[in-house]
Amino acid sequence: IRVITDLARRYGPSIPGTEADRLKVIATLRSLLNSSDLRAAGFAAAACGEIGGSSDSSLLLSFLDQLNNTDPVARHQAVMGLVRLCERHPGLATT
């Protein structure tokens, strides 16, 4: 997951590969948000912010709610994912 996160940070939404590959990566990241491994889920949250769509904001908010402040690192990664989504999708924070 860390490699995917690094690729997402480097390439953003234009991650290398076909559109089908990108959609598979996004689907994997979304499923990892429900992982019992909070560090993996945190990295997935950060990567969702880099390559996910505006609809991923609700997933990240749900992830934050489920965390309930139990892991400060995962919380930070999720918040940074949300910040990045808002930067990439202007107006998202106002909806």
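The sections below set out a description of the structure shown in this document.

Conventions we followed
Residues numbered from 1 in each chain as written. Predicted model: local features only at pLDDT ≥ 70, side-chain atom pairs only at ≥ 80, totals over all residues. Heavy atoms only, no water. Axes fitted to C-alpha atoms, helices over the stretch in contact; angles between N-to-C directions. Helix = DSSP H or I, 4+ residues; strand = E, 2+ residues; numbered from the N terminus. Parallel < 35°, antiparallel > 145°, perpendicular 65-115°, else oblique. Left-handed = near helix turned anticlockwise from the far one by under 90°. Contact = heavy atoms within 4.5 Å. Nonpolar A, V, L, I, M, F, W, Y, C, P; charged D, E, K, R; others polar. Expected span 1.5 Å × (residues − 1). Polar contact = N/O pair within 3.5 Å; in protein donor to acceptor, adjacent residues only side chain to side chain. Core = buried A, V, L, I, M, F, W, Y, C linked by side-chain atoms within 4.5 Å. Buried < 20%, exposed > 50% of the residue type's maximum accessible area, 1.4 Å probe, protein only. Salt bridge = Lys/Arg side-chain N within 4 Å of Asp/Glu carboxyl O.

### A word on the packing of helix 4 (residues 56–67) against helix 5 (residues 72–88)
For any two helices packed against each other, one specifies the crossing angle of their axes together with the interaxial distance.
Phase 1 of the analysis: Their axes nearest at 10 Å, the elements helix 4 and helix 5 cross at an angle of 160 degrees. Classed by the angle they form, the pair helix 4 and helix 5 counts as roughly antiparallel. Considering only the axes of helix 4 and helix 5, their crossing is left-handed. Residues Asp56, Ser57, Leu60, Leu61, Phe63, Leu64 and Leu67 of helix 4 form the contact with helix 5, whose participating residues are Ala74, Arg75, Ala78, Val79, Gly81, Leu82 and Leu85.
Phase 2 of the analysis: Looking at the contact of helix 4 with helix 5 residue by residue, the classes come out as ten nonpolar, two polar and two charged.

### Some words on helix 5
Since the α-helix turns once every 3.6 residues, residues separated by three or four places project in the same direction.
Phase 1 of the analysis: Taking 1.5 Å per residue, 17 residues should reach 24 Å; helix 5 reaches 24 Å between its end C-alpha atoms and fits that length.
Phase 2 of the analysis: Buried residues in helix 5 make contact with helix 3 (38–51) and helix 4.
Phase 3 of the analysis: Put simply, Asp71 is the residue that caps the front of helix 5, since its side-chain oxygen is 2.9 Å from the backbone nitrogen of Val73.

### Here's the deal with the nonpolar core
Phase 1 of the analysis: One finds Leu29, Leu33, Ala45, Cys48, Ile51, Leu60 and Phe63 to be the most contacted residues of the largest nonpolar core, which totals 18 residues.
Phase 2 of the analysis: Elements with a contribution of two residues or more to this core: helix 2 (19–32), helix 3, helix 4 and helix 5.
Phase 3 of the analysis: The leading source of residues in this core is helix 3, at six residues.
Phase 4 of the analysis: Apart from the residues within four sequence positions on either side, Ala45 is in contact with Leu33, Leu60, Phe63, Gln77, Ala78 and Gly81.

### A closer look at the pattern of salt bridges
Phase 1 of the analysis: Counted by the stated rule, this structure contains four salt bridges.
Phase 2 of the analysis: With its nearest N and O atoms 3.2 Å apart, the salt bridge here joins Asp71 to Arg39. In this pair, Asp71 is assigned in the loop between helix 4 and helix 5 and Arg39 in helix 3, connecting sequence segments 32 residues apart.
Phase 3 of the analysis: Of the residues examined, Asp71 reaches a relative accessible area of 9% and is grouped as buried.
Phase 4 of the analysis: Close ionic contact of Arg84 with Glu87 constitutes a salt bridge, the shortest N to O distance being 3.3 Å.

### Details of unusual backbone geometry
Backbone phi values are negative for most residues with the exception of glycine, while trans is the configuration of most peptide bonds.
Phase 1 of the analysis: Despite not being glycine, Asn68 shows a phi value in the positive range, around 50 degrees.
Phase 2 of the analysis: By the secondary structure assignment, Asn68 is in the loop between helix 4 and helix 5.
Phase 3 of the analysis: You can call Asn68 exposed: its relative accessible area is 61%.
Phase 4 of the analysis: For Asn69, which is not glycine, the phi dihedral falls at a positive 60 degrees.

By themselves, these observations are geometric and do not establish any function.
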